[in-house]
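# Structural characterization, general
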Amino acid sequence: MAETLLYTASWLYSSGRPPIAGGAVAVRDGRIVEIGTARELIAGYGQPTGEYPGCVLMPGFVNAHTHLELTHFPAWRLRDGLDYHPHRFVDWIIQMIKVRRGVPPEETRVSLKAGINACLRAGTTSVGDIVTAPDLLSAYDGSSIGGRIYLELIGQDRQIFEPRLTKAMEAIQAINGPRLPGLSPHAPYTLNSNLLADIAAAARQGSLPLSLHLAESRDESDLLFDSSGPLAEEMYPLVGWQDFLPAPRRITPARFFDTGGLLGASTLAVHGVQLTPADAALLKERGVTICLCPRSNERLAVGTAPVHLFKKQGIPLCLGTDSLASNDSLSLWDEIRFALDSYRGELGPEKLLEMATKGGAAGIGLAGQVGTLQAGMRADLQVISVAGDFSAERLLERGRLQQVLVGGVGVVD
């Protein structure tokens, strides 16, 4: 029988449950076998493997929306002489396109590996990562980080798109270990409506969850409503899509994806800044989860997500950092602290910590596997030093990450 590892701390904390003073977690074969007080578990399993006085043991974070391959984007931008701060959403898109055109796959793989390491150092043990090409998946080889890897789908021309979708579906077979596959139909402004049914069929065939960018900017809404605005006038000509610009459709981004059959209980909608009350009601009806990325939204000046609408509808929420192309770090601790101010009065410390753990796990289809401290879960843990009695507020104000364990094994100290 495998050895049982026992970790004790001044507090155990897992969202939705009362904190346990003087707590302990027993781990075997990378999974939690029992939690309780240190006294109880020491009596059953013997002396601790690791002791953390003055610390909180809590689940590793689940960063539900990332683009880890863009971790080195700030350096690429500087190298290419494109180190400017975009003033509009479309300016950021154009900058992104120009920079990415000059980055070879090997550099992108290195960047992705750096992103994985940055997440682990920040207490994130599972991610919902968007990967743009199958040949980048090898960057995950040998990593213990868990989560969901979504293969990105972009295109307007069916002749180009169909081989791309086939290649993505073949590559999905290679995603293994502590990670599971998914598909990412990128956004309403990068996909032809005629291709959505193909994506929906592929997702059903492979039982694959979806992650999609939805209603991130006003530019996106303008394009979907009357085929106008900067995306139509500036981005489409840049990438040669001007001939695919449709006639005015008079629909919202949410209706665009719903008409294509892509909104459902296994869909994660990212951003949601420009969603209307009717859109929010539709997402609730379809069972969609929303991932908030407040620092990215602030950086790109697209607005603030209407969290009051989501709460009113009872839509499940989680958190993501997006990428270092539109953020300063890949730390969900940083994201939570920013969100606490950005959504002041709407989302408090306990709710945000839940969104970064249990909520993130549910958002990427891993509920019951990560995100909480309970028997059967993967033993992904953060050790946070915090002075005095425990509270969620104190954890955010004074907590300092000391160690990260994945599957019960320390990866960051």
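Refer to the structure printed above.
All of the points below concern the structure found in this document. Predicted model only: the values in this text are computed from it and were never measured. Each chain carries its own residue numbering, running from 1 in the direction its sequence is written. Reporting of local features is limited, given that this is a predicted model, to residues whose pLDDT is at least 70; pairs of side-chain atoms are given and counted only at 80 or more, and all residues count toward the totals for whole chains, interfaces and linings. For side-chain calculations, the full set of non-hydrogen atoms in the structure is used, while hydrogens and water are omitted.

Here we take up the environment of Asp141. Locating Asp141 in the fold gives a position in the loop between strand 6 (124–131) and strand 7 (146–153). For the pair Asp141 and Lys113, spaced 28 residues apart in the sequence, the C-alpha separation amounts to 9.4 Å. Per the convention used, a helix needs a DSSP run of H or I reaching at least four residues, while a strand needs a run of E reaching at least two, with both numbered from the N terminus.

DSSP calls a pair of strands paired once it identifies at least 2 bridges connecting them. In spatial order, the strands read 3-2-1-4-13-14-15; together these 7 strands make up an open sheet with mixed pairing. Where the open sheet ends on each side, the last strands, each with one partner, are strand 3 (31–37) and strand 15 (409–412). Between one strand axis and the next, the sheet turns through 40° on average, direction left out of account. Where strand 13 (residues 381–385) meets strand 14 (residues 400–406), 5 bridges bridge the pair, whose relative direction is antiparallel. Each bridged residue has a counterpart across the sheet, and for Ile384 the counterpart in strand 14 is Leu401. Note on definitions: angles span 0 to 180 degrees between N-to-C directions of axes, and those axes are lines fitted to C-alpha atoms, for helices only across the stretch in contact.

Our next topic: helix 8 (residues 230–238). Among all positions of helix 8, only Pro230, Leu231, Ala232, Met235 and Tyr236 are buried. Along the long axis of helix 8, the arc covered by the buried residues comes to 160°, so they all point the same way. Just beyond helix 8, the residue with positive phi is Gly240, at close to 75°. The rule is simple: take the accessible area with a 1.4 Å probe, protein chains only, and divide by the maximum for that residue type; under 20% is buried, over 50% is exposed, in between is partly exposed. Note that the arc is computed from the directions linking the helix axis to the C-beta atoms.

The subject of this paragraph is the pairing of strand 7. Among the 8 residues in strand 7, 8 count as buried, and that is most of the element. Here strand 6 runs beside strand 7; their pairing, made up of 6 bridges, is parallel. Within the sheet, the bridge partner assigned to Ser126 lies in strand 7 and is Gly146. Alignment of strand 7 against strand 8 (residues 179–185), held across 7 bridges, turns out to be parallel. Its bridge partner being in strand 8, Leu151 is matched across the sheet by Leu183. Chirality of the crossover, the property in question, places the unit of strand 7, helix 5 (residues 158–171) and strand 8 among those that are right-handed. Here is how to tell: hold the view so the strands point away, follow the path from the first strand over the helix to the second, and if it runs clockwise the crossover is right-handed.

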